[in-house]
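Descriptive structure summary
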Amino acid sequence: MTDLLSRRETWSMANCAVAASLDVVGTRSAILILREAIFGTRRFEDFVRRVGIGEPAAAARLKELTAAGLLERVPYQEPGQRTRYEYQLTDKGMDFQPVVHALLEWGSKWETGETGPALRATHRDCGATVGVRIRCEAGHDVDPEDVAIEPGPGLITIP
């Protein structure tokens, strides 16, 4: 359907995937907690310190991300201490990794100013910079201008 984008006013956004994603990870602290989880942070106090937010905000975000299925609480116990919990990425959470890398790549290019980015993602095997690409299921890299938006099975149209 070539004129789908020109008829956006007929779409219901009730089940928009972008809006639904933002309902889960649409706060700065949620994305930064996921960044830290991807980088290996597991414990509450480390999230608080590394993300730079207060304990109540960290607790709320961790609870939300756990309820949404991106993180899971796993018990651990230091010798002589009570059982505590750390947070680990689920498969759903690991699937968010390209989003964090895309934000890192975009921010490195457009938002770091003259000093350049604080971090660079590289391929552990060869050292080359890692970049996020749009790729079709057939394995082709796709330029953004070559992406077609077509109706999905959940598209709701308004008459």
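This one's a predicted model, so the numbers in the text were calculated from it and none came from an experiment.

**Thoughts on the side chain of Thr10**
- Along the chain, the position of Thr10 falls in the segment before helix H1 (17-25).
- Take Thr10: its relative accessible area is 19%, and that puts it in the buried class.
- Here the side chain of Thr10 touches Arg7 through a polar contact of 2.7 Å, landing on its backbone oxygen.
- Ignoring anything within four residues of it in the chain, the contact list for Thr10 reads Ile156, Thr157 and Ile158.

**A look at the environment of Lys92**
- Following the sequence through the fold, Lys92 ends up in helix H5 (residues 91-94).
- Assessed through its relative accessible area of 48%, Lys92 is described here as partly exposed.
- Spatially, the C-alpha atoms of Lys92 and Leu70 are 5.2 Å apart, while their sequence positions differ by 22 residues.
- Ignoring anything within four residues of it in the chain, the contact list for Lys92 reads Ala68, Gly69 and Leu70.

**Focus on the pairing of strand E2 (residues 83-89)**
- Judged from the seven bridges that link them, strand E1 (residues 71-77) and E2 form a sheet pairing that is antiparallel. Across the sheet, Gln77 pairs through a bridge with Thr83, a residue of E2.
- Where E1 hands over to E2, the hairpin turn is made up of five residues, of which Gly80 adopts a positive phi near 80°.

Scoring rules and cut-offs
Residues numbered from 1 in each chain as written. Predicted model: local features only at pLDDT ≥ 70, side-chain atom pairs only at ≥ 80, totals over all residues. Heavy atoms only, no water. Helix = DSSP H or I, 4+ residues; strand = E, 2+ residues; numbered from the N terminus. Buried < 20%, exposed > 50% of the residue type's maximum accessible area, 1.4 Å probe, protein only. Polar contact = N/O pair within 3.5 Å; in protein donor to acceptor, adjacent residues only side chain to side chain. Contact = heavy atoms within 4.5 Å. Pairing = 2+ DSSP bridges.

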